[in-house]
Amino acid sequence: MSIRKAIFPAAGLGTRFLPATKSSPKEMLPLVDKPMIQYVVEEAVKSGIKDITIVTGRRKQAIEDFFDISFELEHELEKKGKKELLDEMKQISNMAVVSYIRQKEPLGLGHAIWVARDLVGSETFAVLLGDDIIDSEVPCLKQMIDVYNKYKCSVLAVQRVAKKDISKYGVIDAHKLESNVYHVQDMVEKPEASNAPSDLAIIGRYILTPEIFDCLEKTKEDKSGEIQLTNGLRLLRKKQAIYACEFEGERYDAGSKIGFLKATVEFALKRDDLAGEFKEYLKKMAAQYLDLPVLNTPKSR
Ligand code: G1P
């Protein structure tokens, strides 16, 4: 059976982006002009998934409004003859069937996924974390679905990360099977660099068999009182094989300020309508802040 459903955990408080996230969801912060959650939902849709469950919390209504129709806005755009923009707005509300469920307390990623169990039922599903924005020719989730179709078991997205950053991630211990596919032997959530089993970090894309729900139910809270998905996966691994896919693509940790800035700059540079003027501006900034020579910058600027 093909993968039809995806869960998007979006209940977090977004403390790393306060005060911007005091009254609006972190998932709605824009990279150039598109909210982060749109990039991730589009990745799922391009990978063939149309049934989406967003796990929300209090103060997240803006996400629901975003995927709904906006009657007044569409009416105004139509009246003003802005057809292209109107079509773009309609496309957002039409691209997927979106359901919402609330995680009432911030009890961790594993708990957020468990909360959506009845909406998923007994089929294999995907999980996409909105902080990880991946720019790739073939959508990252599609690359993982290809691995799933071959091996029919849970698949984690992984990427090699620098030793200094490894303690921010779930890290796998694994045997290589193919150039980009690993058989996971074990994994650990946010190890110290000296204890990390490898430099292969789990990135926020998962394909999970429904047996994960039972495992999450049995997973004990960690020291901070959270149910970690990585610990649920350790229980699942005892029952079923888990594979990892080292995907191709550029990944941005848009949940951190520096990752968010990098994604904003690089996405702007890829936009035909912005790249020209923005490049000139960056050259000027490089000269001003990095002591680099100003190249090809018109004198009049
Ligand atoms: C979560 C997971 C972690 C994974 C990471 C990927 O951590 O718990 O295993 O490596 O996402 O972004 P978080 O970043 O939510 O702390």
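Thresholds applied
Residues numbered from 1 in each chain as written. Predicted model: local features only at pLDDT ≥ 70, side-chain atom pairs only at ≥ 80, totals over all residues. Heavy atoms only, no water. Near = heavy atom within 4 Å. Polar contact = N/O pair within 3.5 Å; in protein donor to acceptor, adjacent residues only side chain to side chain. Areas by Shrake-Rupley, 256 points an atom, 1.4 Å probe, with all protein chains shown as cover. 1 Å grid on protein atoms, 1.4 Å probe; cavity = no way out; pocket = protein on both sides within 12 Å on 5 of 7 lines; lining within 4 Å. Sits in = over half its atoms within 2 Å of the grid points. Helix = DSSP H or I, 4+ residues; strand = E, 2+ residues; numbered from the N terminus. Nonpolar A, V, L, I, M, F, W, Y, C, P; charged D, E, K, R; others polar. Axes fitted to C-alpha atoms, helices over the stretch in contact; angles between N-to-C directions. Parallel < 35°, antiparallel > 145°, perpendicular 65-115°, else oblique. Contact = heavy atoms within 4.5 Å. Points joined across faces, edges and corners; volume = space filled by probe spheres on them. Expected span 1.5 Å × (residues − 1). Buried < 20%, exposed > 50% of the residue type's maximum accessible area, 1.4 Å probe, protein only. Arc of directions from axis to C-beta. Disulfide = S-S within 2.5 Å. Patch = residues over 30% accessible without salt bridge, like charges linked within 9 Å, V, L, I, M, F, W, Y side chains within 5 Å. Salt bridge = Lys/Arg side-chain N within 4 Å of Asp/Glu carboxyl O. Left-handed = near helix turned anticlockwise from the far one by under 90°.

Visitor: When you look at the site of the ligand in this model, what are you seeing that I'm missing?
Guide: In the vicinity of the ligand, the contacting residues are Leu109, Leu129, Asp132, Tyr169, Gly170, Glu189, Lys190, Ile202, Gly204, Tyr206, Gln228 and Thr230. One of the side-chain N or O atoms of glutamate 189 is found 2.6 Å from an oxygen atom in the ligand. Expressed as a share of its isolated accessible area of 380 Å², the protein-covered part of the ligand is 77%. The pocket occupied by the ligand, as judged from atoms lying within 2 Å of grid points, is the largest pocket. If you tally residues by element for the shell around the ligand, the top one is strand β11 (residues 200-208), at three residues. Here the residues of the shell around the ligand are counted per class, giving five nonpolar, four polar and three charged.

Visitor: Mind showing me how you'd approach the packing of helix α10 (residues 257-269) against helix α11 (residues 275-290) here?
Guide: If you want to describe how two helices pack, look at the angle between their axes and the distance between the axes. Axis separation between α10 and α11 bottoms out at 8 Å; the angle between their running directions is 130°. Taken together, the axes of α10 and α11 lie oblique to each other. Along the contact surface, α10 presents Val265, Ala268 and Leu269, while α11 presents Ala275, Phe278, Lys279 and Leu282. Here the residues of the contact of α10 with α11 are counted per class, giving six nonpolar, no polar and one charged.

Visitor: Explanation requested: the layout of surface pockets in the structure shown.
Guide: Empty space within the largest pocket amounts to approximately 1,400 Å³. If you trace the largest pocket, you find 49 residues lining it, with Arg16, Leu129, Asp131, Lys168 and Lys190 closest to the centre. Of all the secondary structure elements, the ones that give two or more residues to the lining of the largest pocket are β1 (5-9), α1 (36-46), α5 (109-115), β11, α9 (229-239), β13 (250-253) and α10. A class-by-class count of the residues in the lining of the largest pocket yields 20 nonpolar, 14 polar and 15 charged. Of the pockets and cavities examined, the second largest pocket occupies roughly 400 Å³. Considering the residues around the second largest pocket, the lining is formed by 18 residues, among which Lys34, Tyr39, Lys46, Ile134 and Asp135 are closest to the centre.

Visitor: What is the right way to read α10 from this model?
Guide: Because an α-helix completes one turn every 3.6 residues, residues spaced three or four positions apart along the sequence face the same direction. In a regular helix each residue adds 1.5 Å, so 13 residues correspond to 18 Å; α10 covers 18 Å between its end C-alpha atoms and thus fits that length. If you check which residues of α10 are buried, you get Gly259, Phe260, Ala263, Phe267 and Ala268. Along α10, the residues classed as buried sweep out an arc of 160° about the axis, all on the same side. Exposed residues pointing more than 90 degrees away from the buried face of α10 are listed as Lys257, Ile258 and Leu261. As for α10, its buried residues are in contact with β2 (30-31), α1, β7 (132-135), β13 and α11.

Visitor: Help me out: how do you make sense of the state of the cysteines in this one?
Guide: By definition, a disulfide links the sulfur atoms of two cysteines through a covalent bond. Within the structure shown, the criterion is met by zero disulfides. For cysteine 215, which is in no disulfide, the shortest distance to another cysteine sulfur is to cysteine 153 and amounts to 14 Å. Assessed through its relative accessible area of 2%, cysteine 215 is described here as buried. In this model cysteine 245 remains outside any disulfide bridge; the closest cysteine sulfur is found in cysteine 140, 6.4 Å from its own.

Visitor: Mind showing me how you'd approach a nonpolar patch on the surface here?
Guide: A surface patch of nonpolar side chains, about 360 Å² in accessible area, is lined by Tyr289, Leu290 and Leu292. Here leucine 290 shows up in helix α11. Look at leucine 290 and you get exposed, because its relative accessible area is 57%.

Visitor: Looking at this structure, I do not really get the packing of helix α3 (residues 71-79) against helix α4 (residues 83-94). What am I missing?
Guide: The interhelical angle for the contact between α3 and α4, taken along N-to-C directions, is 155°, at an axis separation of 9 Å. On the basis of their axis angle, the class for α3 and α4 is roughly antiparallel. Between α3 and α4 the crossing geometry is left-handed. Here Leu73, Glu74, Leu77 and Glu78 of α3 lie close against α4, whose contacting residues are Leu85, Leu86, Met89, Lys90 and Ser93. Considering only residue class, the contact of α3 with α4 consists of five nonpolar, one polar and three charged.

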